[in-house]
Amino acid sequence: MKVIYVNEANLCDLQAEALDVAMALGYFDGIHLGHQKVVETAKQKALKHQLSLAVLSFFPHPKSVLIPGFEVAYLEPIEQKIEKLERLGVDIFYVVEFTRELAKIEAADFMQRYVVGLGAKEIICGFDYTYGSKASGKAETIQHHVPSHTGITVVEELKWQGQKISSTLIRKYLHECRLQEIRNLLGDYYKTKYCCKNGILPNYSLPDIGKYKIIIERDGAISEAIAMVKSKKKVLLEYDQPTFDSVLTIKWLEKI
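Residues numbered from 1 in each chain as written. Predicted model: local features only at pLDDT ≥ 70, side-chain atom pairs only at ≥ 80, totals over all residues. Heavy atoms only, no water.

1. Brief notes about the pairing of strand 14 (residues 221-229)
No. 1: Where strand 13 (residues 210-218) and strand 14 come together, nine bridges link them in antiparallel fashion. Along strand 14, the bridge assignment pairs Ile214 with Ala225.
No. 2: Pairing geometry for strand 14 and strand 15 (residues 235-238), over four bridges, is antiparallel. Looking across to strand 15, one finds that Ile226 is bridged to Glu238.
No. 3: Connecting the antiparallel pair strand 14 and strand 15 is a turn made up of five residues. (Pairing = 2+ DSSP bridges. Helix = DSSP H or I, 4+ residues; strand = E, 2+ residues; numbered from the N terminus.)

So, in structure tokens, the structure goes:
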């Protein structure tokens, strides 16, 4: 998968060399089952129309740019998002730099410059997708902002036990330590990465303070362990200490 970082300075050059794509739109924090449905729908469109499969997202989160001092509770860093999208078969991941200037772009201009301009022949998004200044663009307005021959597919809401599957719901369940339920939203246990030297890597959220059963994955080996969450960013692990600077994957099972 090719990862392309997009900003105002390189946009024109990227437009000039952009491939024709089926493009999935969204922020995709956590790549939960709702996100996966959007990407899979885009994949089917790409196959049908013989296009490359692209995802267009942005970083950092708008609130961290627009609200001074706001601390975003990311579910995962962009590096893990890249790993998941690659496993889903995405060919191109466009990561648009979110700035105050981008926040001022009108909805029609955003769609023309960053979506159609980057080769989108088929556009796929969730039913609640918004874009443009003050989120004035909605899924139902895309048709007014792109050429008439552009395909548009809006993926309907995906629910679990009557609730919309969303990053917000996952964060709520993390806070409530409902880790088993999170499996039904992600399709897998929630995972974070942990550096034996520096602790939890940046841009992950943790379950609430407490003691947890976990699985540690490192170098292809899997072992059960215990984690003590001490704060929003601090975790103590009870396990056989590996190489001091190695990075582990923690799979969060349940609260003890």
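2. Looking at helix 8 (residues 167-175)
No. 1: All buried positions along helix 8 are accounted for by Ser167, Leu169, Ile170, Tyr173 and Leu174. Angular distribution of buried residues about the axis of helix 8 spans 160°; they occupy a single face of the element. Exposed side of helix 8, more than 90 degrees from the buried face: Thr168 and His175 are the residues found there.
No. 2: On its buried face, helix 8 is in contact with helix 2 (33-49), strand 9 (159-160), strand 10 (163-164), helix 9 (179-186) and strand 11 (190-195).
No. 3: Cys177 sits one or two positions beyond helix 8 and adopts a positive phi of about 60°. (Buried < 20%, exposed > 50% of the residue type's maximum accessible area, 1.4 Å probe, protein only. Arc of directions from axis to C-beta. Contact = heavy atoms within 4.5 Å.)

3. Overview of the packing of aromatic side chains
No. 1: A complete count under the given rule lists seven aromatic pairs for this structure.
No. 2: A centroid spacing of 5.5 Å and a plane angle of 85° characterise the contact between Tyr212 and Trp252, whose relative ring orientation is edge-to-face. With Tyr212 in strand 13 and Trp252 in strand 16 (residues 247-255), this pair connects stretches of sequence that are 40 residues apart. The residues Tyr212 and Trp252 share a single accessibility class, namely buried.
No. 3: Three or more aromatic residues joined by ring pairs make a cluster, and in this case those are Phe110, Tyr114, Tyr129 and Tyr131.
No. 4: When the ring centre of Tyr27 is taken as reference, the NZ or CZ atom of Lys81 above it lies at 4.2 Å. (Phe/Tyr/Trp six-rings, centres within 6.5 Å; stacked < 30°, edge-to-face > 60°. Lys NZ or Arg CZ within 6 Å of the ring centre and 35° of its normal.)

4. Remarks on the sheet that holds strand 13
No. 1: Ordered in space as 12-11-16-13-14-15, the six strands form an open sheet in which the pairing is antiparallel. For this open sheet the edge positions go to strand 12 (199-200) and strand 15, each flanked by a neighbour on one side alone.

5. Some words on helix 4 (residues 78-87)
No. 1: Along helix 4, the residues that are buried comprise Ile78, Gln80, Lys81, Ile82, Lys84 and Leu85.
No. 2: On its buried face, helix 4 sits against strand 1 (2-6), helix 2, strand 3 (52-59), strand 4 (92-97) and strand 11.
No. 3: A positive phi of about 90° marks Gly89, the residue just after helix 4.

6. Re unusual backbone geometry
No. 1: Of note, the bond from Phe59 into Pro60 is cis; its omega dihedral lies within 30 degrees of zero at 0°.
No. 2: Even without being a glycine, Ile31 presents a positive backbone phi close to 50°.
No. 3: Counting through the fold element by element, Ile31 comes out in the loop between strand 2 (21-25) and helix 2.
No. 4: Here Asn203, not a glycine, exhibits a phi torsion of approximately 65°, which is positive.
No. 5: Looking at the element boundaries, Asn203 is found in the loop between strand 12 and strand 13.

7. Describing the packing of helix 8 against helix 9
No. 1: Running from N to C, helix 8 and helix 9 cross one another at 165°; their axes reach a closest spacing of 9 Å. One finds that helix 8 runs roughly antiparallel with respect to helix 9. Remark: the crossing between helix 8 and helix 9 carries left-handed chirality. Note on element contacts: helix 9 touches helix 8 through Leu179, Glu181, Ile182, Leu185 and Leu186, opposite Leu169, Ile170, Tyr173 and Leu174.
No. 2: Split by residue class, the contact of helix 8 with helix 9 holds eight nonpolar, no polar and one charged. (Axes fitted to C-alpha atoms, helices over the stretch in contact; angles between N-to-C directions. Parallel < 35°, antiparallel > 145°, perpendicular 65-115°, else oblique. Left-handed = near helix turned anticlockwise from the far one by under 90°. Nonpolar A, V, L, I, M, F, W, Y, C, P; charged D, E, K, R; others polar.)

8. Remarks on the pattern of salt bridges
Proximity of charged atoms lets side chains of opposite charge pair with each other.
No. 1: For the coordinates displayed, the defined rule picks out 13 salt bridges.
No. 2: Across the pair Asp29 and Arg171 runs a salt bridge, and its minimum N-O distance is 3.0 Å. You can see Asp29 sitting in the loop between strand 2 and helix 2 and its partner Arg171 sitting in helix 8, a full 142 residues away along the chain.
No. 3: Residue class for Arg171 comes out partly exposed when judged on its relative accessible area of 27%. (Salt bridge = Lys/Arg side-chain N within 4 Å of Asp/Glu carboxyl O.)

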